[in-house]
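Here are the chains, one letter per residue:
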Amino acid sequence: MPQRILHTADAEDAPLRAALRRLRAAEDVPAEFPPEVLAEADRTAKAPRLPERDATDIPFYTVDPPGSRDLDQALHVARRGGGGFRIHYALADVAAFVTPGGALDAEAHRRVTTLYFPDTRVPLHPGQLSEGAASLLPDQTTPALLWEIDLDSSGQVAEATVARALVRSRARLDYGGVQQTIDEGTAEEPVALLRDVGLLREEVERERGGISLGVPEQEVVRRDGRYTLEYRAQLPAHSWNAQVSLLTGMAAADLMLASGTGILRTLPPARRGALTYLHRIARALDIDWPEGLDYPELLRSLNPQMANHAAFLQDCTTLLHGAGYTVFDGEPPARQDAVHAAVADEYAHCTAPLRRLADRYALELCVAAAAGEPPPEWVREALGGLPELMVRGAQRAGRLERECVDLVEAALMSGRIGEVFDGYVVEVDERRPTRGTVQLYEPAVIGRVDTEESEGAPAFPAAGEGGEAAEGTQPAEGTERPEGTEPSAPADGEAPAAGVPPAGYAEPADSTEPADGAEPADGPGPPVRAWPAPGEPLPLGHRVRVRLTAAEPGVSPVRFAPEP
């Protein structure tokens, strides 16, 4: 799932859309499925493996962005006698359509995950399945993995199990509609109870020490020949729905750990360097991070309706550095090796089987564990190779996402060459301290700068052009240094989470004292610092003025030169 949710409705012949098409061609992103894969999808869509249990009497509904057709999850919430709630959560049963070792299976292993671009997406499975027979579309009887999770009155799990069943969704809802009916008091009880469950689980998350990022969507809009960026904050309904997904992922991890065979989604605690980087970003964006305030509480205090807060939330996805998959078969891993630091508990990816390969395997293991049966052999045989396969897929998705961000930021800044901006030096290359990265306040764009750069002759290549990443740069999840991807906006309703430092942790601030000759600042943040002489290190953690020297989507990412 994407870390940063970028959309554009640009015209087909517009510069940004053309650059995105060139990116996909250069990266050999598959445009179509092979004929043999489509033929198998056609056959299996007409004759899937059907379960014995019939649960079509449960009035499920789905909650997704408007227009979505690849519906992984359907939900029903009811009150339990004596207090608490019963959640029925149906997940698409991809294994009912995909034969291990077949053409569909091989193609899914090649693609690993659905790829998201600002203008389109490249699916994991053919549309006949992902938007048709396997999708939990309304008024369609579909095989599913049906979770039954009981919560007590405090939101804690009393019991959880999963089994195959036929389900039938009654309604395809979107987040805006769900929010409106709940706010107006007109929602039917199974929908209205989503709020009750979501709020309880948010409180449980706080008590547990977990955190979810409500990363806002970014819409790239072109008006009068110039691009602008608009942020669209998530609604509370996004978080409530995401809590059900997170709850299911934790229940899946518990089932697999109890059975002795599983695949967990794991994340180590945030590294100090990543938190230092975020402190600089916060100062650059004029976000108050009081000494002693820990990272989770800071995030809960932000207002994603404000552009600088929204931009900071985007940057917080960098704390997913180190997220991976831990496989076990026999002896479960020690707790410190099994925990997802952002969730603050054991956790598994299982709620997006139409869009993420690992989820199909995790669900098969959960069904076997719940039934007290051994895992299918085809699952066990593939288990050992899944972590490496998923990491390679995440690396590719993260690289493409970073390149999309570069293209979007270049589009936003195109036409402004020569303009001067206030920025903040948020990282410096250890090996070449004259170069680094500057974060602007408005627009909230990041670009490279070098004190030795002469206009039109950049001293270092952009990311993706063969150059080394500067120290402090935060690449996507799955890379060696801090997707971004997790769980993200999450198309499947799973809220992106960031690595959480120890409770009470607060990074000491970098010095922001102005150097001799510093000019007074007109805008937010610390005073502007005078640039060092050519060849001297960049003033890490200080506010500076920079002049835009390059920004053209598909040609050059955003680059700055010092403005004396």
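Attention here is on the structure that accompanies the text. Please read all numbers here as calculations on a predicted model, not as lab measurements.

Basis of the calculations
Residues numbered from 1 in each chain as written. Predicted model: local features only at pLDDT ≥ 70, side-chain atom pairs only at ≥ 80, totals over all residues. Heavy atoms only, no water. Salt bridge = Lys/Arg side-chain N within 4 Å of Asp/Glu carboxyl O. Helix = DSSP H or I, 4+ residues; strand = E, 2+ residues; numbered from the N terminus. Buried < 20%, exposed > 50% of the residue type's maximum accessible area, 1.4 Å probe, protein only. Pairing = 2+ DSSP bridges. Axes fitted to C-alpha atoms, helices over the stretch in contact; angles between N-to-C directions. Parallel < 35°, antiparallel > 145°, perpendicular 65-115°, else oblique. Left-handed = near helix turned anticlockwise from the far one by under 90°. Contact = heavy atoms within 4.5 Å. Core = buried A, V, L, I, M, F, W, Y, C linked by side-chain atoms within 4.5 Å.

## Here we look at the pattern of salt bridges
Applying the stated criterion across every chain, the model contains 32 salt bridges. Residue Arg 80 is joined to Asp 150 by a salt bridge in which the shortest nitrogen-to-oxygen separation is 3.9 Å. Taken together, the positions of Arg 80 in the loop between strand S3 (73-79) and strand S4 (85-92) and Asp 150 in strand S7 (residues 141-151) put the pair 70 residues apart, joining distant regions of the chain. Under the relative-accessibility criterion, Arg 80 is labelled partly exposed at 28%. Residue classification places Asp 150 among the buried residues on the basis of a relative accessible area of 6%.

## A word on the pairing of strand S10 (residues 226-232)
In this structure, strand S9 (residues 217-223) lies alongside S10, joined through seven bridges in antiparallel fashion. Paired with Glu 217 across the strands is Arg 232, a residue of S10. Linking S9 back to S10 in an antiparallel pair, the connection comprises two residues, with Asp 224 at a positive phi of about 55°.

## Description of the packing of helix H7 (residues 236-259) against helix H12 (residues 357-371)
Across the interface, H7 lies against H12 with an axial gap of 9 Å and an inter-helix angle of 60°. Relative to H12, the element H7 is oriented oblique. Here H7 runs over H12; the crossing is left-handed. Between H7 and H12, the residues in contact are Ala 252, Leu 255, Met 256 and Ser 259 and Ala 362, Leu 365, Cys 366, Ala 369 and Ala 370, respectively.

## Observations regarding the nonpolar core
Leu 75, Val 77, Ile 87, Trp 147, Met 256 and Ile 263 are the most contacted members of the largest nonpolar core, which has 56 residues in total. Among the elements that make up this core, the one with the highest residue count is H7 (ten residues). Contact partners of Trp 147, with chain neighbours within four places excluded, come to Ile 87, His 88, Tyr 89, Leu 91, Thr 161, Val 162, Thr 248, Ala 251, Ala 252, Leu 255, Leu 363 and Cys 366. If you look at the next biggest cluster of nonpolar residues, it comprises 36 residues, including Val 122, Val 408, Met 413 and Ala 551.

## Things to note about the sheet that holds strand S17 (residues 446-450)
Within the closed barrel, the five strands sit side by side as S15-S16-S17-S19-S18. Their pairing is mixed. Neighbour to neighbour, the strand axes of the sheet diverge by 50° on average, direction disregarded. Where S17 meets strand S19 (residues 556-562), two bridges bridge the pair, whose relative direction is parallel. Looking across to S19, one finds that Val 449 is bridged to Phe 560. Across the face of the sheet, helix H8 (residues 272-284) comes into contact with strand S15 (420-428), strand S16 (435-440) and S17 while running at roughly 170° to S15.

## Comments concerning the environment of Leu 145
Structurally, Leu 145 can be placed in strand S7. When its relative accessible area of 1% is taken as the criterion, Leu 145 is described as buried. In this structure the C-alpha to C-alpha distance between Leu 145 and Val 162, which are 17 residues apart in sequence, comes to 6.5 Å.

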